[in-house]
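Descriptive structure summary
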Amino acid sequence: MKFLDTSGTPAPQSVLYHRFIVDLATGAVRAEDVPCANLEDVLGGFGRSFQLLEGLDIDSAYDPRNPLIVNTGLLTGTEVMTGLRTYFSAYSPLKCSNQGLPAAMWSAGSGKFGCKMKWAGTDEVIFENRSAKPVLAVIQESDDGPRLTLKPAEHLLGKDTHSKIMALQADYPDAHFAAIGPAGEHYEQVYYGAVAMSTENQLKSGDDKCRFAGRGGMGSLMGYKNLIAIVAQSTDKLRPLTPAVRDLNREISRGAGSRKFRDERKGGLGGTWANYLPLQKAYILPENNFRPKGHDLPERLFRQKLEEQFVIKDESCFRCGINCHKNLYERKADGSKGRFYAKIDFEPLDLLATNLGIHDAEQAWRLVALVDHLGMDSISCGTTVSYILDYNERHPDAPLFNGARFGDFEKVHELIEAIGKGELPDAGHGVKRLSEQLDEPGYAMQVKGLELPAYLPDTNPGYVWAIAGGHMSMATFLLLVLEGETSLDYWVKAITERGLYQIRDDLIGTCKFAGMNHESALQAIEGATGLKLTQEELLAAVRRAYLRGLKLERKQGYADADYTLPAQVFENPNPNLGTPHFITPEFFSALKTRVWEVFDKEIQAL
């Protein structure tokens, strides 16, 4: 980005971002420096891209007029720790209203791809239309400034995500990559294809350690556009740390904000995997399609139980001291580390194992690795498969697909592989469409067309107002466990005054695991860019971006009936849960009324 006014408080119009507009149908590439229209443009991420999507009338995600917007946040590629994020935005193939219209969506990933893109001089790329042949987009720095070229990509077809990335590394040194897997190539049959993003650890070790921009099917949209991968090639351009940024990074890596995600041996709480412990203690860990049984089988996948069987290493993204990755390796006879198996996070581990009735660690990591190789969103895939298993339990005489049941690893593996290869489109189109096709939507764990992450809807009415994934764009998913409040006043405030601000990081380019408070975020922005903002200005921009997401949902046909939880929550409360059943129809109706009283006025004022 270019700051024409370096006073520290420039008008947005004096801040320019560099973007390419690529017509995939003709191969034409246009470069331009664009003045920002408002603070959301300056901050970047989905705050900028949703403004573009707002001006488009799109009635099908697989329409050449639906652009794929790839951009970074203001802090991506800076010296601020976790400033690594890349955002993929579009009208989603997966998220849709009851009217069948696609919804605006973004998905984010870490690694080093966004840094390389920023260091090559590019803040944003808009891919328009679609290519007749498979192509590769290559972003590079040059003596004349950034350039983008399209190259043939037939040689990458059929490879899994990791193999694509390693093949690209051989051709493009000093680069990082965003690529789709087989699921994205079969975009007509799979709506939740993910974008795999390379990591330093992956390229140096040769192990399959991608990060993913998974939610909403952005990998499937890339497949539709015949855009198989994106390369960002540049020398590293890190500046020396200023004392202020150095102190901030120290706080991020060692302070209270990131404590949950750090290893216990470094004073942390063990990362997202550690969620197993408190959720299982209260019997609210999703099991057998979000229906906990009140028994102890899930404890077999506690990290402590696996330490003797595997080597588990806490590793990191580029230049990050949090070390949130929990990578699983073979344990050799002498106790040393052997071959890499899979990266274990809470969401994939639960939704691809415990929630499928699988409690064996060997089987769990194999399913996690399979979904990564195929390039699918583990949340959407796991939640859709758990619905299929539930349906088959309920209909033993007329099961779906291969008849897989809870706990049947071989058939579950076979089912997931078939989905990722495009052989089961009814499953690949997601749980909302499948459950409606079967006329049994009540136990389909989705809200507004997006499969739920691994937190029970019985504990979180805030899912309804999330705009891009239930736990990434509305921070209410753990509140019942942490604070135990069930009053109406509490939940209205949790949704309208607290939870929505989690999306701040999806503008500025930092990882949520940094745990920065708003004051630290302001310090990061000033330390890295010189831009001085007040907390009021920052939060106002974040709130406008969130409200624009709700406004875009309405534009795409979302009505009152879309804003609800799975019917099972109201009609068949689970007696095994160790938390109170408070989301009654009466409570939820009153909550909706009160929340919309707050948001409706602000949406109208946008």
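For the structure given in this document, a descriptive report is provided here.

Rules of the game
- Starting afresh in each chain, residues are numbered from 1 along the sequence in its written order.
- Given that this is a predicted model, residues contribute local features only at a pLDDT of at least 70 and side-chain atom pairs are listed and counted only at 80 or more, while totals for whole chains, interfaces and linings are drawn from all residues.
- As a rule here, side-chain values come from all non-hydrogen atoms in the structure, and water together with hydrogens is ignored.
- One bridge is not enough; two strands pair if DSSP finds at least two bridges between them.
- Each helix is a run of DSSP H or I of at least 4 residues and each strand a run of E of at least 2, with the numbering of both proceeding from the N terminus.
- Inter-axis angles, ranging from 0 to 180 degrees, are taken between N-to-C directions of lines fitted to C-alpha atoms, where helices are fitted over the stretch in contact.
- For salt bridges, the criterion is a side-chain nitrogen of Lys or Arg within 4 Å of an Asp or Glu carboxyl oxygen.
- Residue exposure (1.4 Å probe, protein chains only): buried if accessible area is under 20% of the type maximum, exposed if over 50%, otherwise partly exposed.
- What a helix is expected to span follows from its residue count: subtract one and scale by 1.5 Å.
- Under this definition, polar contacts are N or O atom pairs within 3.5 Å; protein pairs additionally need one hydrogen-donor-capable and one acceptor-capable atom, and for neighbouring residues in sequence, both atoms have to be side-chain atoms.
- Contacts: residue pairs with any heavy atoms within 4.5 Å of one another.

Strand order across the open sheet formed by 6 strands is E9-E8-E13-E10-E11-E12, with mixed pairing between neighbours. Bordering the open sheet on either side are strand E9 (147–152) and strand E12 (211–213), each of which pairs with just one other strand. Along the sheet, successive strands turn relative to each other by an average axial angle of 20°, direction set aside. Relative to strand E13 (residues 227–233), strand E8 (residues 135–140) runs parallel, the two being bridged by 6 bridges. Looking at E13, one finds that Leu136 is bridged to Ala229.

Applying the stated criterion across every chain yields a total of 43 salt bridges. Across the pair Glu40 and Arg548 runs a salt bridge whose closest N-O atoms are separated by 3.4 Å. Of this pair, Glu40 sits in helix H1 (residues 39–43) while Arg548 sits in helix H21 (residues 535–555), and the two are 508 residues apart along the sequence. Residue Glu40 shares its accessibility class with Arg548, and that shared class is buried.

Okay, helix H12 (residues 361–374) next. With 14 residues, H12 should cover 20 Å at 1.5 Å per step; its first-to-last C-alpha distance of 20 Å lies within 8% of that length. Buried residues dominate H12, accounting for 10 of its 14 residues. Where H12 begins, the side chain of Asp360 points an oxygen toward the backbone nitrogen of Glu362, at a separation of 3.1 Å. In the stretch just after H12, Gly375 is the one whose phi turns positive, near 75°.

On to the pairing of strand E4 (residues 68–72). Residues in a regular strand project their side chains so that they alternate between the two faces of the sheet. With 5 of its 5 residues buried, E4 lies for the most part within the structure. Residues Leu68, Val70 and Thr72 of E4 are buried on one face, and the alternating residues Ile69 and Asn71, pointing to the opposite face, are buried as well. Taken together, the 4 bridges between E4 and strand E7 (residues 124–128) define a ladder with antiparallel strand orientation. Among the inter-strand pairings, Ile69 is bridged to a residue of E7, identified as Ile126. Across 4 bridges, the pairing between E4 and strand E5 (residues 86–96) is antiparallel. The partner of Thr72 across the bridge, within E5, is Thr86.

Taking the relative accessible area as the measure of exposure, Glu40 reaches 0% and is therefore buried. With 547 residues separating them along the chain, Glu40 and Phe587 place their C-alpha atoms 35 Å apart. Not counting residues within four places of it along the chain, the set of residues in contact with Glu40 comprises Gly47, Arg48, Gln51, Ala541, Arg544, Ala545 and Arg548.

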